[in-house]
Structures are given as structure tokens and as C-alpha cells.
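# Coordinates in review
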Amino acid sequence: MTQFNTVVIGGGVAGLVTALTHQGRGEDVLVLEAGPAWGGVVRGAEMGGIRLDVGAEAFAVRNDVVAELARELGLDTLDPNPVGSWLQLPERAVPAPKLGVLGIPGDLDAAEVGEALGPDALERARQDLDAPMDRWTEATRTGAAVTLGELVADRLGEDVLATLVAPVVSGVHSADPHQLEVRAVAPGLLDAAVEMGSLARAVAAQRSRRPGAAVASVVGGMNTLTQALAERVLGRLNTAVTALERHGTGWVVHTNAESFDAAQIVIATDGPTAWRLLAPVSDGALDPGDAPEQGAGVALVTLILDHPELDAHPRGTGILVAPTVEPEQIGAKAMTHISAKWSWVREALPAGRHALRLSYGRVTDDPASGAPGYASTDADLLRLATRDVYRLTGTEPGSGVVVDHHIQRWRAALPVASPEHRRRVSDMRDWARTQRDVDIVGAWLAGTGLAAVIADIRD
């Protein structure tokens, strides 16, 4: 059997960055990826004469780790078009507040906040500035689980939750705010709110530390990051790990092709796969029946349209759809106007041609609900996207021509950061700390987004 210092199981960005990090220490490293392509959700596809992202298309700039990695790999980063995004409400579309965190407004005096909420809901939101913080002070003292939904509803009101926060959370995390643990999706926000006596003031303080856009990307698309990483590490595609076996002071990694000796292993897969591989070798510390759930999955439809009317960017860089909008009206949960958002895409396309991406499904969807998403057929998804793109941009149906499209499904891409999920992550990390030759990385542990994943690896 071939022997390596480290075998990394999983060839998403987490696995590739981990391999590069271990290589930098002088180790022999092998990356094993069960699928046919590197990068996990950071992947691209050719359409309309250019290569576009079909998974993650940006990274959060709350820390510098992704930008630093891009620079190390010789890639250039760029900010999005500052025109901003919109929100689709049941009866209207409105500009989204620019100063916010996950849709939570940091400036209650901003005109777009008042326009979206109306006077009564805005008056309720202003109570946050003076209301006692006793409940949340106690939660920070005890470490009790707190969901984003309950925090926002208590401090700012149900209207802020439904109108501003739910559309953003649905688009970013593909989930309901009441299912997300606030410490997982907005680190430090609860503590800051307690300290400042206001959730809105805490949001404003967090944003003031990093003014400007909350996200950035890479020239050529985030998939170029995957390509650059894959070129620098030794790896094998279509090589699924079937079992792990303790052997002396190391491991035997069994795959569908051959077995490898490893002094140490790094699990860089999704949560269900990590649990399946590690539970049998955990001496009972990890119950196989306690594995994270797979989730309902999501589907992304990218359209390339000849549609000069979109040159005006009628919905800015895109639009997030409130969950209260009926699927019969609009089936998508979000739409990104890619060529309006990223200058390199706009420059690569002919005049009057646009790239837009629509998202369908939430990982928390009931598969029996019939809501459009992961399980929808390609024909249904294309039909819905072609309908929804006009409704979301406010343009005349059929006024553009679809010249190309791409449909991408993701199943385990977005972990639901619920209090129960937080417990599972804690159990897995606690067990891994007792193992000198096992490490575990990835979004299901660190949280959604490259900024969280890479920071977790490099800390």
C-alpha cells in the first residue's frame, strides 16, 4: 500500500486548502474525492461562451482569509457593483437596506428601511433602541441556545423578521431564521447586542468595522480558486472512501479502488459522510443514529439572455424573495443578476446579453410539499426560471431570448445551523480533540461560507 503522511478525504475547497496547508509543512499529502470534479460547491460550468460559477459565487469579507488565499494563488479579487440588491415582497419589490447583517437593519432611519417596513412596523423596530436586554444577557451568561428568529422578533418585531431577515436568510442559508443558531450564523452579534443594549446598534457597529460591500469575489469566478488549488495538490477523483481502519500508530484508508496507509487523516466531507466514516472507529463516542440529516437540497438555474432592457439593472445586483410570496406567484427564492453584480462577467458578454441565476428550494423543505427545488425536473426548473426571471426583473414576459442555460443541483451543500446541529458539531469536535491523528474540517462544522471554512482550517 502507498503511504502518506496525511490523507485528506473530500476534495471540496476545505479539503484542498487543508492539503495545501499540510504540504506547506513538508508533508506528503493525498486528497481523495468521491466525485468527478474538485471544489464541492465552488465549481463552474461553460455557458454562453464563458465559464460561470454554478455554486458559491462570492465570499464574505468579515475576515481576510479568503482574499489572502486568493493572493497566495495569484488571483485577483473584486467588489460587487455597489448598486445593491432588492427584496421581493408579496405585493411589491423594494430596495434592500444597505447597512445590515443577514437582513437585520443597522440604521433604522434609512429611507429603504422605512419604505420596506411601513410606519407601524418601523415604530415597533425602534423599541429595540431602549428595551431591556435582561433575557439576552442571561442567555449570554448561560450559553443557552438562541435562534436568529427569536432574537430578531423580540428586539425588532415580527415584521422586520418576515420582511427583511427571512428573505436574506432564505437566500443565503436556504433555511428559516427560527432554525438557525445566532452564534453560528452571526458570530459575536448576540454579545455585541447585549453590550450595546440594542440589536440594531450592534449590527451598525459590526458593519462599521468593515465598511463597504459585505462580500467579494475572484476575477473569473470563484471556481478559479478551486482550479488553482487543485493544480497545487496531489489528488484522485472518483475515489470514494468506503471504510477507515486503525492500523498500528496510523490508519488504513479503504477506497473503491485501493487502500492507502496514512499517519493521519483529515475528514473534509459533508456531515452525514463524516459521521458514517468516523462513527465505526469512535469506540462508541459517536452514535451512528445521531448523524446529521442530508437536507432537501437546492437547485440553481443559470440563464443567459439577450435582453437589452436589463442593461438598466432594474433590480440592482439581484433580488431576494420573501418566504411569504406564494410559489404560484414566484417559485424562486432568490435571483442574482450576475452580469450586473460582477464587472468581469459584464465585460465578457456581448452588448445586451445578461447572465442571471435563480435559486429553487430550501434545505428545510418538506420533500412532500411539492415546492420547486432539488427534486424538480430539468424541464420544470427551466420553465419556472424563464417565467420567474421576468416577474423578478419587472420586465415584459418574453421580452428577452434565452440563448443558453445550466441547471445545477446541490444536496448537502448548506448545513442547517440549528441548536441541534450545534450540539452534533460539539460532539464531533470533542471526540476529534481526543484523537492525535484525526482532524475534521468543512462547512458543516465551521458554518456556511468560505470565510468561515478557511478561517477554521487556518486558525
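So, a few notes on the structure that sits alongside this text. Sequence positions are assigned chain by chain, starting from 1 and proceeding in written order. Totals for whole chains, interfaces and linings use every residue, but because this is a predicted model, local features are given only for residues with pLDDT of at least 70 and side-chain atom pairs only at 80 or more, for both listing and counting. For the side-chain quantities, the full set of heavy atoms in the structure was used; hydrogens and water were omitted.

### Things to note about the overall build of the protein
Our working rule: The way it works is that DSSP assigns letters per residue, a run of H or I at least four long becomes a helix, a run of E at least two long becomes a strand, and they are numbered from the N terminus. For the radius of gyration, the atoms used are the C-alpha atoms, and the globule rule reads 2.2 Å times the number of residues raised to 0.38. Think of it in three bands: residues with accessible area under 20% of the maximum for their type are buried, residues over 50% are exposed, and the middle band is partly exposed, with areas taken using a 1.4 Å probe on protein chains only. Residues are treated as being in contact if the distance between any of their heavy atoms lies within 4.5 Å. Surface exposure here means Shrake-Rupley accessible area, sampled with a 1.4 Å probe, where a residue is shielded only by the protein chains that are shown.
What the protein contains, in helices and strands, is 18 helices and 21 strands. Relative to its length of 459 residues, the protein is compact, with a C-alpha radius of gyration of 22 Å against a globular reference of 23 Å. By its C-alpha atoms, the protein is 70 × 55 × 45 Å across when sized along the principal axes. Out of the 459 residues belonging to the protein, those deemed buried represent 54%. Pairs at least 24 apart in sequence give 72% of the contacts found in the protein among residues at least 6 apart. Accessible area for the protein stands at about 19000 Å²; split by element, carbon and sulfur atoms hold 49% of it.

### Let's talk about the side chain of H307
Applied cut-off: As used in this structure description, the phrase polar contact means that two N or O atoms lie within 3.5 Å; if the pair is within protein, one of them must be able to donate a hydrogen and the other to accept it, and residues adjacent in sequence are counted only when both atoms belong to side chains.
Within the secondary structure, H307 is located in the loop between β16 (298–306) and β17 (318–321). Polar contacts involving the side chain of H307 include one to the side chain of S399, which spans 3.2 Å. Here H307 is in contact with G352, H354, Y390, T395, S399 and G400, once residues within four sequence places are set aside.

### Topic: helix α2 (residues 65–72)
Side chains that are three or four residues apart share a direction in an α-helix, a result of its 3.6 residues per turn. Among the residues making up α2, those that are buried are V65, V66, A67, L69 and A70. Contacts made by the buried residues of α2 are with α1 (13–23), β5 (59–60), β6 (77–78), α11 (223–230) and α18 (450–458). Among the residues trailing α2, G74 stands out with phi positive, at a value near 80°.

### Structural notes on the sheet that holds β6
Rules: For two strands to be treated as a pair, DSSP must find no fewer than two bridges joining them.
Spatially, 3 strands are ordered β5-β11-β6 in an open sheet, and the strand pairing comes out antiparallel. Since the sheet does not close on itself, it has two edges, and those belong to β5 and β6, each with one partner. Judged from the 2 bridges that link them, β5 and strand β11 (residues 215–218) form a sheet pairing that is antiparallel. Pairing of A60 across the sheet is with V215, part of β11.

### Digging into the sheet that holds strand β18 (residues 334–337)
Hydrogen bonds between backbone atoms are what pair the strands of a sheet, whose relative direction is either parallel or antiparallel. Rules: The axes are straight lines fitted to the C-alpha atoms, using for helices just the contacting stretch, and the angles between their N-to-C directions are given from 0 to 180°.
Taken in spatial order, the 7 strands of this open sheet run β8-β7-β17-β18-β19-β16-β20, and their pairing is mixed. Edge strands, defined here as strands with exactly one partner in the open sheet, are β8 (93–95) and β20 (401–410). Across this sheet, the average inter-strand angle for adjacent strands is 20°, counted without regard to direction. Two strands pair when backbone bridges link them, and β18 and strand β19 (residues 353–360) are joined in this way by 4 bridges, in the antiparallel orientation. Each residue of the ladder has a partner; that of A334, found in β19, is S359. In the packing of helix α15 (residues 378–393) onto the sheet, contacts are made with β7 (86–88), β16, β17, β18, β19 and β20, and the angle to β19 comes to roughly 115°.

### A look at the environment of D456
Within the secondary structure, D456 is located in helix α18. By relative accessible area, D456 is classed as partly exposed at 26%. For D456 and L445, which are 11 residues apart along the polypeptide, the C-alpha to C-alpha distance reads 8.8 Å. Dropping the residues within four chain positions of it, D456 is found in contact with R429 and A446.

### Some words on the pairing of β11
Note: β6 against β11, 2 bridges, orientation antiparallel. Across the sheet, residue T77 finds its bridge partner in β11, namely V218.

### What about the packing of helix α6 (residues 148–156) against helix α7 (residues 158–173)?
Under the convention used in this document: Whether a crossing is left-handed or right-handed is set by the direction in which the near helix is turned from the far one by less than a right angle, anticlockwise for left-handed and clockwise for right-handed. Three classes are used: nonpolar for Ala, Val, Leu, Ile, Met, Phe, Trp, Tyr, Cys and Pro, charged for Asp, Glu, Lys and Arg, and polar for all others, with Gly counted as polar.
Where α6 contacts α7, the two axes come as close as 8 Å, and the packing angle between them is 145°. Crossing handedness for the pair α6 and α7: right-handed. Side by side, α6 and α7 meet where L148, G149, V152, A153 and L156 of the first sit next to E158, V160, L161, V165 and V169 of the second. Taken together, the residues that form the contact of α6 with α7 break down as 8 nonpolar, 1 polar and 1 charged.

### Some words on unusual backbone geometry
In the Ramachandran plot, L102 falls in the positive-phi region, its phi being about 55° despite a non-glycine side chain. Take L102: it is sitting in the loop between β9 (100–101) and β10 (104–105). With a relative accessible area of 15%, L102 lands in the buried category. One non-glycine residue with positive phi stands out, namely H313, at about 50°.

### Focus: the packing of helix α5 (residues 134–142) against helix α9 (residues 189–196)
Pairs of packed helices are described in terms of their axes, by the angle between the two and the distance that separates them. Definition in use: When describing relative orientation, an angle under 35 degrees is termed roughly parallel and one over 145 degrees roughly antiparallel, while 65 to 115 degrees is termed roughly perpendicular and anything else oblique.
In the contact formed by α5 and α9, the axes pass within 9 Å of each other and the chain directions differ by 130°. For the element pair α5 / α9, the angle class is oblique. Regarding α5 and α9, the two cross each other, and that crossing is left-handed. In contact with W136, T137 and T140 of α5, α9 contributes L190, D191 and V194. Residues that form the contact of α5 with α9 fall into these classes: 3 nonpolar, 2 polar and 1 charged.

### With respect to a negative patch on the surface
What counts here: Like-charged residues within 9 Å of one another, or nonpolar side chains (Val, Leu, Ile, Met, Phe, Trp, Tyr) within 5 Å, are grouped into patches, provided each residue has over 30% relative accessible area and no salt bridge. The salt bridge criterion pairs a side-chain nitrogen of Lys or Arg with a carboxyl oxygen of Asp or Glu, the two atoms within 4 Å. In summary, the charge assignment counts Lys and Arg as positive and Asp and Glu as negative, without counting His or the chain termini. In this description, the location of a charge corresponds to atom NZ of lysine, CZ of arginine, CG of aspartate or CD of glutamate.
A cluster of like negative charges, contributed by D120, E123, E158 and D159, occupies part of the molecular surface. Taken together, the elements giving at least two residues each to the negative patch come down to α4 (119–126) and α7. Tracing the backbone through its elements, the reader meets E123 in helix α4.

### Describing the packing of aromatic side chains
Aromatic ring pairs: the centre-centre distance and the angle between the two ring planes describe each pair. Threshold: The criterion for an aromatic pair is that two Phe, Tyr or Trp rings (for Trp, the six-membered ring) have centres within 6.5 Å, with stacked assigned to planes under 30 degrees apart, edge-to-face to planes over 60 apart and tilted to the rest. Here, over-ring charges are defined by two tests on the NZ atom of lysine or the CZ atom of arginine: distance to the ring centre within 6 Å, and angle to the ring normal within 35 degrees.
With the rule as written, the count across this model stands at 2 aromatic pairs. With centroids separated by 6.5 Å and ring planes inclined at 65°, the aromatic side chains of W275 and W444 adopt a geometry described as edge-to-face. Placement of the pair is W275 in helix α12 (residues 271–278) and W444 in helix α17 (residues 443–446), with a sequence separation of 169 residues. The burial state of W275 is the same as that of W444; both residues are buried. Geometry around W86 places R315 over its ring, the cationic atom sitting 4.8 Å from the centre.

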